[in-house]
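Here are the chains, one letter per residue:
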Amino acid sequence: MTSLLSAIAGKFTSASIRPAGTRVERGRSLGTLESLKFVGPLPSPLSGTISSVNGDMVKRPKLMNDASYTQGWIVKLKSLSFQEERGLLSRPSDAREDFKKKIAEFHARCFKAFPDHEMYEIGTECSAVLVRLNELLVSIPIEDVIHLVTDDPTSYVEMVRWRDQTGHGLVDWRQEGNLFHFIVRKEQ
């Protein structure tokens, strides 16, 4: 699982993984994943036997979005023919161009936290945006993440002030052209 697939597929909602002890061939399914934009098999990178399954990820599939390289691991696989298949694996340096093409093709954005909610507030003054943001925060669970997009040029200063006043997390932000993207986590 990569953060790029996570950005393309959207929030993962379900994972059904074959049990430990199952033998799989390279390219065959380790199980199935479901997200808001994707349903399909999870191909095995190598032939082998599943030695363990990440039960936390099965219970909370969004871990693949939030921590795909750490807590969001899917299975541990004991390879049966690593020497024969290792040449079929990609090195990060070799995959760089493929990733760049996919990022451009899918207009993927990777942030420090994967959003549960989206807010697009274009042409709206920042004070009105913050009112709507506060209204949304009242209705969502603690730890949920919001991706807020605005074109107000004062938004960064206002968001920092808002964070300090409310105690909610401003996890990430960036400017793309005249648009500002903020990743906010409900903290309380």
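Owing to the predicted nature of the structure, the values given are computational and were not obtained by experimental measurement. (Residues numbered from 1 in each chain as written. Predicted model: local features only at pLDDT ≥ 70, side-chain atom pairs only at ≥ 80, totals over all residues. Heavy atoms only, no water.)

A.B. asks: What's the story with the overall build of the chain in this structure? I'm lost.
C.D. replies: Secondary structure summary: the chain contains 7 helices and 10 strands in total. Judged by the C-alpha coordinates and their principal axes, the chain covers about 60 × 35 × 25 Å. Residue burial in the chain is summarised as follows: out of 188 residues, 40% are buried. Sequence separation of 24 or more characterises 63% of the internal contacts of the chain that already satisfy a separation of 6 or more. Carbon together with sulfur atoms contributes 52% to the accessible area of the chain, which is approximately 11000 Å² in total. Side-chain charges of the chain comprise 25 positive and 24 negative groups, with the mean position of each set lying 8 Å from the other. (Helix = DSSP H or I, 4+ residues; strand = E, 2+ residues; numbered from the N terminus. Buried < 20%, exposed > 50% of the residue type's maximum accessible area, 1.4 Å probe, protein only. Contact = heavy atoms within 4.5 Å. Areas by Shrake-Rupley, 256 points an atom, 1.4 Å probe, with all protein chains shown as cover. Lys, Arg positive; Asp, Glu negative; His and termini not counted. Charge placed at Lys NZ, Arg CZ, Asp CG, Glu CD.)

A.B. asks: Just checking my understanding: could you explain the sheet that holds strand β4 (residues 39-43) for this structure?
C.D. replies: Taken in spatial order, the 3 strands line up as β1-β3-β4 in an open sheet, and their pairing is antiparallel. Each of the sheet's edge strands pairs with one partner strand only, and the pair in question is β1 (12-17) and β4. Strand-to-strand twist in this sheet, taken as the mean axis angle between neighbours without regard to direction, amounts to 25°. (Pairing = 2+ DSSP bridges. Axes fitted to C-alpha atoms, helices over the stretch in contact; angles between N-to-C directions.)

A.B. asks: Is there a simple way to think about the nonpolar core in this case?
C.D. replies: What tends to happen in soluble globular proteins is that the nonpolar side chains get buried as a cluster. Within the largest apolar cluster, 17 residues are counted, with the highest numbers of intra-cluster contacts made by Leu133, Ile146, Leu148, Met159, Trp162 and Phe182. Those elements giving two or more residues to this core turn out to be α6 (126-139), β8 (145-150), α7 (155-166) and β10 (179-185). Ranked by the residues each element gives to this core, the list is headed by α6, at 6 residues. The residues contacting Ile146, other than those within four sequence positions of it, are Pro115, His117, Met119, Leu133, Leu136, Leu137, Ile140, Phe182, Ile183 and Val184. Counting residues in hydrophobic clusters, the runner-up holds 13 residues, among them Val24, Leu33, Leu42 and Ile74. (Core = buried A, V, L, I, M, F, W, Y, C linked by side-chain atoms within 4.5 Å.)

A.B. asks: Explain the pattern of salt bridges to me, please; I cannot follow it from the model alone.
C.D. replies: Pairing of side chains with opposite charge becomes possible as their charged atoms draw close. Following the criterion strictly, the structure yields 12 salt bridges and no others. Taking the shortest distance from any N to any O, the salt bridge between Asp116 and Lys62 comes out at 3.4 Å. Taken together, the residues span a long stretch of sequence, with Asp116 in the loop between α5 (92-106) and β7 (117-121) and Lys62 in the loop between α2 (55-59) and α3 (63-66) at a distance of 54 residues. Since its relative accessible area comes to 9%, Lys62 is described here as buried. (Salt bridge = Lys/Arg side-chain N within 4 Å of Asp/Glu carboxyl O.)

A.B. asks: In this structure, what is going on with the environment of Lys59? I would like to understand it.
C.D. replies: Within the secondary structure layout, Lys59 lies in helix α2. The spatial distance from the C-alpha of Lys59 to the C-alpha of Gln188 is 23 Å, given a sequence separation of 129 residues.

A.B. asks: What is the right way to read a nonpolar patch on the surface from this model?
C.D. replies: A contiguous nonpolar surface patch, about 290 Å² in accessible area, is contributed by Tyr156, Val157 and Trp173. Inspection of the secondary structure assignment puts Tyr156 in helix α7. For Tyr156, a relative accessible area of 33% puts it in the partly exposed group. (Patch = residues over 30% accessible without salt bridge, like charges linked within 9 Å, V, L, I, M, F, W, Y side chains within 5 Å.)

A.B. asks: Hey, could you run me through the pairing of β8 in this one?
C.D. replies: Every regular strand shows the same layout, with side chains that alternate between the two sheet faces. Taking burial as the measure, the 6 residues of β8 include 6 buried ones, the bulk of the element. Residues Val145, His147 and Val149 line one face of β8 and the alternating positions Ile146, Leu148 and Thr150 line the opposite face, and both faces are buried. As judged from the 5 bridges shared by β7 and β8, these two strands associate in the parallel manner. Looking at the pairing, Tyr120 lines up with Val149 of β8. In this structure, β8 lies alongside β10, joined through 6 bridges in antiparallel fashion. Along β10, the bridge assignment pairs Ile146 with Val184.

Everything listed here is a matter of coordinates, which is why it stays silent on function.
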